[in-house]
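# Survey of secondary and tertiary structure
Listed here are the chains, written in short residue letters.
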Amino acid sequence: LEYALGLNPGIPNVMPTTQFIISEDKLEIHIPVVEPRTGVNYSLEISTDLLSWQSVETSINGRAISTTMARTESPTRFVRLKVSQ
């Protein structure tokens, strides 16, 4: 994961801070990427129960992995970053 986020896996460091922006009707999630890697695919997935996961539209804007989704009635949502080649 460190390599995918542009960090050096050989050096211990703190992961970049994920930013959550909550407004009246939507939730925005931004995960910083120090240096986007060629050949690496990033996607965000959401779940309400940690058992079933659904991909959400994800974009790389400059140096962040981002998504915007509508707020729902569900009081709990889990988000995970999926990285693949």
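The structure reproduced in this document is the subject of the present report.

What counts and how
Residues numbered from 1 in each chain as written. Predicted model: local features only at pLDDT ≥ 70, side-chain atom pairs only at ≥ 80, totals over all residues. Heavy atoms only, no water. Core = buried A, V, L, I, M, F, W, Y, C linked by side-chain atoms within 4.5 Å. Buried < 20%, exposed > 50% of the residue type's maximum accessible area, 1.4 Å probe, protein only. Helix = DSSP H or I, 4+ residues; strand = E, 2+ residues; numbered from the N terminus. Pairing = 2+ DSSP bridges. Axes fitted to C-alpha atoms, helices over the stretch in contact; angles between N-to-C directions.

Counting residues in each nonpolar core, the largest one holds 13 residues, and the members touching the most others are I29, I31, Y42, L44, I65 and M69. Elements represented by at least two residues in this core include exactly β2 (26-32), β3 (41-47) and β6 (64-70).

Before going further, it helps to spend a moment on the sheet that holds strand β4 (residues 54-56). Through backbone hydrogen bonds, the strands of a sheet pair up, either in parallel or in antiparallel fashion. Spatially, the 3 strands line up as an open sheet ordered β4-β3-β7, and their pairing is antiparallel. Of all strands in the sheet, those bounded by a partner on one side alone are β4 and β7 (78-84). When strand polarity is set aside, the average angle formed by the axes of neighbouring strands in this sheet is 40°. Strand direction decides the pairing type here: β3 and β4, joined by 3 bridges, are antiparallel. Each bridged residue has a counterpart across the sheet, and for I46 the counterpart in β4 is Q54.

On any regular strand, side chains alternate: one points to one face of the sheet, the next to the other face. Judged from the 4 bridges that link them, strand β1 (residues 19-22) and β2 form a sheet pairing that is antiparallel. Each residue of the ladder has a partner; that of F20, found in β2, is I29. Linking β1 back to β2 in an antiparallel pair, the connection comprises 3 residues.

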